[in-house]
Amino acid sequence: MSWENYCFYYTDHIEVPLPPGHRFPMVKYRLLREKVLADGIIQANQLFESPLALDDDLLRVHDENYVYGLKNHSLPEKELRPIGLTWGPELLKRSYSSVGGFVAASDSALKNGFSALLAGGTHHAHKDRGEGYCVFNDFAVAATRLIDQKKVNKILIIDLDVHQGNGNSSILGKRDDIFILSLHGEKNYPFRKVPSHLDVALPEKTNDEEYLTALREALQKINFAFDMIFYQAGVDNLKEDILGTFELSFQGLMKRDQMVFEFAKNRPIAMAIGGGYASPIELTVEAHANTFKVAKSYFS
Ligand SMILES: [Zn+2]
């Protein structure tokens, strides 16, 4: 299967209004889609609108009260506040689309070898609540779906966002058919981490060399016969990131991506872009686009 056959999913066709000055960089998703097209990394016929997730799939990992409470806008304001985004019909639809897009990407990766969502990696969403810009947990939904449907037996989640995936680990951290590796900033949100199968907390100002050494060592420790990888390729490790505490360069991030792709040894990879909050936001967009560039050269 060649790169031209791989499918990619986007969510920015659903616009979510944010109050002026809100620090969530909603625009990056559209800018990334435009950049990978403009740079010829992905062709227009490889890009698909993310389908909406099914309630039945969300309910594999989320409480009914939470899912229907969001749908009916009947959750108390204080339960919505930790999400950090204002509730509205567009946010609800975008959240369904983000999970649906990753579910589609996981199916497509299984079929073709590689696929990605140009969004997602919503690893802070828990069973009964969202937080940290995450409404539903896309990896948890897609992983349990593929395992329930017996399409795969074991999934390795590699989460390289600078923030620890406390939602992934609160939902999946005790399973033995899923293994979560998380490399994250010990001083970054969430301040109370939930144990993953393998957590590597790194100090502030971690640079390329320190990071890549830690990643190599962590990958060597994984003794888990996985059938596929879910890769959360957050770029908030970048030096210029406002929320991240690390000092990685574009080159360091690209070596990181390369290391993950090589580690898969031809097993399918479904990827979500994860976080990125650099100033200016174009730096984050370039870092995300670089991940796709590395993927293209690796898989071509
Ligand atoms: Zn993050």
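Further up the page is the structure itself.
Okay, so let's go over this structure. Note that the structure is a prediction, hence the values are computed from the model and not measured.

**Some words on the sheet that holds strand β2 (residues 47-49)**
Part 1: In spatial order, the strands read β2-β1-β3-β8-β7-β4-β5-β6; together these eight strands make up an open sheet with parallel pairing. Across the chains shown, the open sheet's two edge strands, defined by having one partner strand only, are β2 and β6 (198-202). Taking the axes of each pair of neighbouring strands and ignoring which way they run, one obtains an average angle of 15° across the sheet.
Part 2: Where strand β5 (residues 178-185) lies against β6, five bridges are found, and the strand directions are parallel. Its bridge partner lying in β6, L181 is registered against L198.
Part 3: Taken strand by strand, helix α5 (residues 89-112) contacts β1 (7-10), β3 (114-117), β7 (228-232) and β8 (269-272), and its axis lies near 170° from that of β3.

**Focus: the pairing of β3**
Part 1: The side-chain alternation of β3 yields two buried faces, one formed by F114 and A116 and the other by S115 and L117.
Part 2: Here β1 pairs with β3 via three bridges, running parallel. Looking at β3, one finds that F8 is bridged to A116.
Part 3: Two strands pair when backbone bridges link them, and β3 and β8 are joined in this way by four bridges, in the parallel orientation. Within β8, the residue paired with S115 across the bridge is A270.

**So, helix α6 (residues 138-148)**
Part 1: With eight of its eleven residues buried, α6 lies for the most part within the structure.
Part 2: What α6 keeps buried is the set D138, F139, A140, V141, A142, A143, T144 and L146.
Part 3: After α6 finishes, the residue K150 shows a positive phi value of roughly 60°.

The rules behind the values
The written sequence of each chain sets the order in which its residues are numbered from 1. In view of the model being predicted, local features appear only for residues whose pLDDT reaches at least 70, and side-chain atom pairs are presented and counted only at 80 or more, with totals across whole chains, interfaces and linings using the full set of residues. The pairing criterion for strands is at least two bridges between them, as found by DSSP. A helix here means a DSSP run of H or I that spans at least four residues, while a strand means a run of E at least two residues long, and both kinds are numbered starting from the N terminus. Angles run from 0 to 180 degrees between N-to-C directions of axes, and those axes are lines fitted to C-alpha atoms, restricted for helices to the stretch in contact. What counts as a contact is two residues whose backbone-derived C-beta atoms lie within 7 Å of each other. Buried, partly exposed and exposed are defined by the number of other C-beta atoms within 10 Å of a residue's own C-beta, namely 20 or more, between the two limits, and 12 or fewer respectively, with C-beta atoms placed from the backbone.

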